[in-house]
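# Architecture and fold: a report
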Amino acid sequence: MSSKYYSTVYDIVQPIANFLHPIRVEGLENVPKDEPVLLCPNHSSNWDPILLITALGREANLRIMGKAQLFKIPVLRTFLNNLGVFPVNRGHSDIGAVKKSIQALKDGFMLMVFPEGTRVRKKNKGLRPKGGVAMMAIRAGARLLPIYIGTQKRLFATVPIIFGKPFAPVYTGRKGTVEEYQTNANEVMRQAYELGGEVWM
(Lines give C-alpha, C1' and ligand atoms only; values in the text may rest on other atoms or scores of the structure.)
Protein backbone atom coordinates (compact mmCIF):
# COMPACT_ATOMS: atom_id res chain seq x y z
CA MET A 1 0.00 0.00 0.00
CA SER A 2 1.47 3.35 -0.99
CA SER A 3 1.45 5.44 2.20
CA LYS A 4 3.80 7.43 4.39
CA TYR A 5 4.13 4.45 6.72
CA TYR A 6 4.89 2.08 3.82
CA SER A 7 7.44 4.51 2.34
CA THR A 8 9.19 4.93 5.69
CA VAL A 9 9.45 1.19 6.25
CA TYR A 10 10.60 0.73 2.65
CA ASP A 11 13.41 3.27 3.12
CA ILE A 12 14.63 1.36 6.18
CA VAL A 13 14.27 -2.18 4.88
CA GLN A 14 15.34 -1.72 1.25
CA PRO A 15 19.06 -0.98 1.83
CA ILE A 16 19.35 -3.82 4.36
CA ALA A 17 17.65 -6.32 2.06
CA ASN A 18 19.69 -5.26 -0.96
CA PHE A 19 22.92 -5.45 1.03
CA LEU A 20 22.21 -9.03 2.11
CA HIS A 21 20.54 -10.11 -1.14
CA PRO A 22 21.20 -7.64 -3.98
CA ILE A 23 18.67 -7.95 -6.76
CA ARG A 24 18.78 -7.73 -10.55
CA VAL A 25 15.41 -6.63 -11.91
CA GLU A 26 14.15 -7.34 -15.43
CA GLY A 27 10.83 -6.55 -17.04
CA LEU A 28 9.56 -4.05 -14.47
CA GLU A 29 7.98 -2.16 -17.35
CA ASN A 30 5.54 -5.07 -17.69
CA VAL A 31 3.84 -4.16 -14.41
CA PRO A 32 0.69 -2.16 -15.30
CA LYS A 33 0.49 1.29 -13.75
CA ASP A 34 -3.16 2.00 -14.49
CA GLU A 35 -5.00 -1.25 -13.78
CA PRO A 36 -5.24 -3.88 -11.05
CA VAL A 37 -3.07 -6.97 -11.44
CA LEU A 38 -2.27 -10.11 -9.46
CA LEU A 39 1.47 -10.49 -8.99
CA CYS A 40 2.16 -14.25 -9.08
CA PRO A 41 5.74 -15.17 -8.14
CA ASN A 42 7.28 -18.52 -7.38
CA HIS A 43 8.17 -18.97 -3.71
CA SER A 44 11.30 -20.58 -2.30
CA SER A 45 12.31 -18.37 0.64
CA ASN A 46 10.95 -16.09 3.36
CA TRP A 47 12.95 -13.36 1.64
CA ASP A 48 10.77 -13.48 -1.47
CA PRO A 49 8.09 -10.93 -0.48
CA ILE A 50 10.72 -8.51 0.85
CA LEU A 51 12.85 -8.72 -2.28
CA LEU A 52 9.81 -8.37 -4.53
CA ILE A 53 8.71 -5.26 -2.65
CA THR A 54 12.16 -3.72 -3.08
CA ALA A 55 11.99 -4.48 -6.80
CA LEU A 56 8.59 -2.78 -7.15
CA GLY A 57 9.75 0.45 -5.48
CA ARG A 58 8.57 2.63 -2.63
CA GLU A 59 5.57 4.04 -4.49
CA ALA A 60 3.97 0.68 -5.30
CA ASN A 61 0.22 0.65 -4.77
CA LEU A 62 0.32 -2.78 -3.22
CA ARG A 63 -1.66 -5.17 -1.05
CA ILE A 64 -0.21 -8.49 0.08
CA MET A 65 -1.81 -11.75 1.14
CA GLY A 66 0.23 -13.29 3.99
CA LYS A 67 -0.07 -16.49 6.00
CA ALA A 68 -2.29 -16.18 9.08
CA GLN A 69 0.39 -17.51 11.45
CA LEU A 70 2.28 -14.22 11.13
CA PHE A 71 -0.67 -12.35 12.61
CA LYS A 72 -0.64 -14.29 15.89
CA ILE A 73 2.12 -12.02 17.21
CA PRO A 74 0.47 -8.70 18.26
CA VAL A 75 3.38 -6.40 17.39
CA LEU A 76 3.96 -8.10 14.04
CA ARG A 77 0.22 -8.06 13.32
CA THR A 78 0.08 -4.28 13.76
CA PHE A 79 3.16 -3.84 11.59
CA LEU A 80 1.76 -6.01 8.79
CA ASN A 81 -1.67 -4.38 8.92
CA ASN A 82 -0.06 -0.96 8.51
CA LEU A 83 1.86 -2.25 5.49
CA GLY A 84 -1.31 -3.40 3.76
CA VAL A 85 -0.81 -7.11 4.44
CA PHE A 86 -3.88 -9.18 5.30
CA PRO A 87 -4.01 -12.79 6.54
CA VAL A 88 -5.08 -15.93 4.75
CA ASN A 89 -5.65 -19.24 6.48
CA ARG A 90 -3.74 -21.63 4.24
CA GLY A 91 -5.19 -25.06 3.69
CA HIS A 92 -8.75 -23.86 4.21
CA SER A 93 -11.30 -22.00 2.12
CA ASP A 94 -10.72 -18.56 3.63
CA ILE A 95 -13.68 -16.67 2.19
CA GLY A 96 -12.78 -13.50 4.09
CA ALA A 97 -9.32 -13.37 2.54
CA VAL A 98 -10.76 -14.04 -0.91
CA LYS A 99 -13.25 -11.19 -0.52
CA LYS A 100 -10.49 -8.81 0.65
CA SER A 101 -8.36 -9.83 -2.33
CA ILE A 102 -11.12 -9.21 -4.85
CA GLN A 103 -12.01 -5.88 -3.26
CA ALA A 104 -8.37 -4.76 -3.25
CA LEU A 105 -8.17 -5.46 -6.97
CA LYS A 106 -11.45 -3.67 -7.64
CA ASP A 107 -10.07 -0.71 -5.69
CA GLY A 108 -7.14 -0.55 -8.10
CA PHE A 109 -4.39 -2.14 -6.00
CA MET A 110 -1.75 -4.56 -7.16
CA LEU A 111 -2.12 -7.77 -5.18
CA MET A 112 0.85 -9.99 -4.30
CA VAL A 113 -0.11 -13.66 -3.95
CA PHE A 114 2.10 -16.74 -3.93
CA PRO A 115 0.00 -19.25 -5.92
CA GLU A 116 2.01 -22.21 -4.66
CA GLY A 117 0.79 -21.41 -1.15
CA THR A 118 4.04 -22.33 0.56
CA ARG A 119 7.78 -22.30 0.03
CA VAL A 120 8.76 -24.73 -2.70
CA ARG A 121 12.13 -26.44 -2.73
CA LYS A 122 13.57 -28.17 -5.78
CA LYS A 123 12.57 -31.56 -4.46
CA ASN A 124 8.87 -30.68 -4.68
CA LYS A 125 8.88 -28.14 -7.51
CA GLY A 126 5.75 -28.64 -9.55
CA LEU A 127 3.52 -28.38 -6.49
CA ARG A 128 0.00 -27.75 -7.73
CA PRO A 129 -0.77 -24.02 -7.32
CA LYS A 130 -4.00 -22.79 -5.82
CA GLY A 131 -6.70 -22.27 -8.44
CA GLY A 132 -8.16 -19.49 -6.31
CA VAL A 133 -5.62 -17.02 -7.71
CA ALA A 134 -7.32 -17.27 -11.12
CA MET A 135 -10.79 -17.17 -9.60
CA MET A 136 -9.95 -13.89 -7.85
CA ALA A 137 -8.57 -12.42 -11.06
CA ILE A 138 -11.67 -13.41 -13.01
CA ARG A 139 -14.10 -12.01 -10.47
CA ALA A 140 -12.16 -8.76 -10.13
CA GLY A 141 -11.54 -8.32 -13.86
CA ALA A 142 -7.78 -8.35 -13.32
CA ARG A 143 -4.87 -9.93 -15.13
CA LEU A 144 -2.27 -12.39 -13.85
CA LEU A 145 1.40 -11.42 -13.97
CA PRO A 146 4.03 -14.19 -13.71
CA ILE A 147 7.19 -13.34 -11.77
CA TYR A 148 10.35 -15.37 -11.30
CA ILE A 149 12.39 -14.88 -8.13
CA GLY A 150 15.76 -16.62 -8.14
CA THR A 151 15.71 -19.73 -5.98
CA GLN A 152 19.39 -19.68 -5.05
CA LYS A 153 19.77 -17.15 -2.24
CA ARG A 154 23.25 -16.87 -0.79
CA LEU A 155 24.36 -13.89 1.26
CA PHE A 156 25.65 -11.04 -0.91
CA ALA A 157 24.91 -12.96 -4.14
CA THR A 158 22.62 -11.32 -6.71
CA VAL A 159 19.05 -12.62 -6.91
CA PRO A 160 17.27 -12.16 -10.26
CA ILE A 161 13.67 -10.93 -10.22
CA ILE A 162 12.04 -11.14 -13.63
CA PHE A 163 8.59 -9.77 -14.41
CA GLY A 164 6.75 -11.44 -17.25
CA LYS A 165 3.88 -10.02 -19.26
CA PRO A 166 0.41 -9.96 -17.69
CA PHE A 167 -2.32 -12.02 -19.29
CA ALA A 168 -6.05 -12.30 -18.86
CA PRO A 169 -7.26 -15.64 -17.51
CA VAL A 170 -9.11 -17.77 -20.04
CA TYR A 171 -12.53 -19.00 -18.97
CA THR A 172 -16.05 -19.72 -20.18
CA GLY A 173 -19.37 -18.44 -18.92
CA ARG A 174 -19.68 -15.60 -16.45
CA LYS A 175 -17.44 -16.91 -13.68
CA GLY A 176 -15.51 -19.81 -15.16
CA THR A 177 -15.17 -23.30 -13.74
CA VAL A 178 -12.97 -24.89 -11.08
CA GLU A 179 -11.06 -26.69 -13.82
CA GLU A 180 -10.46 -23.40 -15.64
CA TYR A 181 -9.24 -21.76 -12.43
CA GLN A 182 -6.69 -24.55 -12.03
CA THR A 183 -5.59 -24.38 -15.66
CA ASN A 184 -4.93 -20.64 -15.39
CA ALA A 185 -3.08 -21.04 -12.08
CA ASN A 186 -0.92 -23.76 -13.64
CA GLU A 187 -0.20 -21.49 -16.61
CA VAL A 188 0.93 -18.52 -14.54
CA MET A 189 3.36 -20.72 -12.59
CA ARG A 190 4.62 -22.36 -15.77
CA GLN A 191 5.37 -18.91 -17.18
CA ALA A 192 6.97 -17.76 -13.92
CA TYR A 193 9.49 -20.60 -13.86
CA GLU A 194 10.08 -20.30 -17.60
CA LEU A 195 11.23 -16.70 -17.03
CA GLY A 196 14.07 -18.09 -14.93
CA GLY A 197 14.93 -20.81 -17.41
CA GLU A 198 13.40 -23.51 -15.20
CA VAL A 199 10.86 -26.17 -16.08
CA TRP A 200 7.87 -26.08 -13.75
CA MET A 201 6.60 -29.64 -14.22
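Structure's up top.
Residues numbered from 1 in each chain as written. Predicted model: local features only at pLDDT ≥ 70, side-chain atom pairs only at ≥ 80, totals over all residues. Heavy atoms only, no water.

### Brief notes about the layout of surface pockets
Leftover empty space is mapped by rolling, across the atoms, a probe with the size of a water molecule. As a reminder, the rule being used: Computed over the protein atoms alone on a 1 Å grid, cavities are sets of points where a 1.4 Å probe fits but cannot get out and pockets are open sets with protein on both sides within 12 Å along at least five of seven lines; a residue lines them when it has an atom within 4 Å of a point. Grid points are joined across faces, edges and corners, and a volume is the space filled by probe spheres set on the points. Comment: elements are numbered from the N terminus, with helices defined as DSSP H or I runs of at least four residues and strands as E runs of at least two. Any residue that is not Ala, Val, Leu, Ile, Met, Phe, Trp, Tyr, Cys, Pro, Asp, Glu, Lys or Arg is counted as polar, Gly included; the first ten are nonpolar and the last four charged.
For the largest pocket, the calculated volume is near 1,300 Å³. Residue lining of the largest pocket: 45 residues in total, with Met65, Gly66, Lys67, Val88 and Phe114 positioned closest to the centre. Broken down by secondary-structure element, the contributors of at least two residues to the lining of the largest pocket are α1 (4–20), α2 (48–56), β3 (62–67), α3 (74–83), β4 (85–88), α4 (95–106) and α5 (132–140). The element that contributes the greatest number of residues to the lining of the largest pocket is α1, accounting for six residues. Taken as a whole, the second largest pocket holds about 200 Å³ of empty space. The wall of the second largest pocket is formed by 13 residues, among which Pro32, Lys33, Ala60, Asn61 and Met110 lie closest to the centre. Here the residues of the lining of the second largest pocket sort into seven nonpolar, two polar and four charged.

### Here we look at the packing of α4 against α5
Spelled out, the test is: For helices, the axis comes from a line fit to the C-alpha atoms of the stretch in contact; other axes are also lines fit to C-alpha atoms, and the angle between any two N-to-C directions lies between 0 and 180 degrees. Here the word oblique covers every angle except those under 35 degrees (roughly parallel), over 145 (roughly antiparallel) and from 65 to 115 (roughly perpendicular). Crossings are assigned a handedness: left-handed for a near helix turned anticlockwise from the far helix by less than a right angle, right-handed for a clockwise turn. Residue contacts are defined here by distance: any two heavy atoms, one from each residue, within 4.5 Å place the two residues in contact.
The geometry of α4 relative to α5 is characterised by a closest axis approach of 9 Å and an angle of 45° between their N-to-C directions. Classified by the angle between their axes, α4 and α5 sit oblique to one another. In terms of crossing hand, the pair formed by α4 and α5 is right-handed. On the side of α4, the interface is formed by Val98, Ser101, Ile102, Leu105 and Lys106, while α5 contributes Met135, Met136, Arg139 and Ala140.

### Considering the environment of Val31
Relative to the helices and strands, Val31 is located in the loop between β1 (23–26) and β2 (37–41). Remark: the alpha-carbon pair of Val31 and Leu145, spanning 114 residues in sequence, is separated by 7.7 Å.

### Considering the packing of α1 against α2
At a minimum axis distance of 10 Å, the contact between α1 and α2 shows a crossing angle of 110°. With respect to α2, the axis of α1 lies roughly perpendicular. Counting all contacts with α1, which are made through Tyr6, Tyr10, Val13, Gln14, Ala17 and Asn18, the residues of α2 involved are Ile50, Leu51, Ile53 and Thr54. Split into classes, the residues belonging to the contact of α1 with α2 amount to seven nonpolar, three polar and no charged.

### As for the pairing of strand β6 (residues 143–149)
Formally: Buried means the residue's accessible area, taken with a 1.4 Å probe over protein chains only, is under 20% of the maximum for its type, while exposed means over 50%, and partly exposed covers the values in between. A pair of strands is treated as paired once DSSP finds two or more bridges between them.
Extensive coverage of β6 is indicated by the burial of six of its seven residues. Where β2 meets β6, five bridges bridge the pair, whose relative direction is parallel. Looking across to β6, one finds that Leu39 is bridged to Leu145. Relative to strand β7 (residues 159–163), β6 is paired through three bridges, and the arrangement is antiparallel.

### Some remarks on the pairing of β4
Put simply, the test is: Seen with its strands pointing away from the viewer, a crossover is right-handed when the path leading from the first strand over the helix to the second is clockwise.
Alignment of β3 against β4, held across four bridges, turns out to be parallel. Across the sheet, residue Ile64 finds its bridge partner in β4, namely Val85. The parallel pair β3 and β4 is bridged by α3, and the resulting crossover is right-handed.

### Comments concerning the pattern of salt bridges
The condition that has to hold: The term salt bridge refers to a pairing of a side-chain nitrogen on Lys or Arg with a carboxyl oxygen on Asp or Glu at a separation within 4 Å.
Counted by the stated rule, this structure contains seven salt bridges. The closest approach of N and O atoms between Arg58 and Glu59, which form a salt bridge, is 3.1 Å. The exposure class of Arg58 is partly exposed, given its relative accessible area of 32%. Take Glu59: its relative accessible area is 52%, and that puts it in the exposed class. Members of the salt-bridge network, linked through shared partners, are Asp11, Arg58 and Glu59.

### Here's the deal with the environment of Gln14
On the secondary structure map, Gln14 appears in helix α1. Residue classification places Gln14 among the partly exposed residues on the basis of a relative accessible area of 23%. The spatial distance from the C-alpha of Gln14 to the C-alpha of Glu187 is 31 Å, given a sequence separation of 173 residues.

Interpretation in functional terms is not warranted from these geometric data alone.
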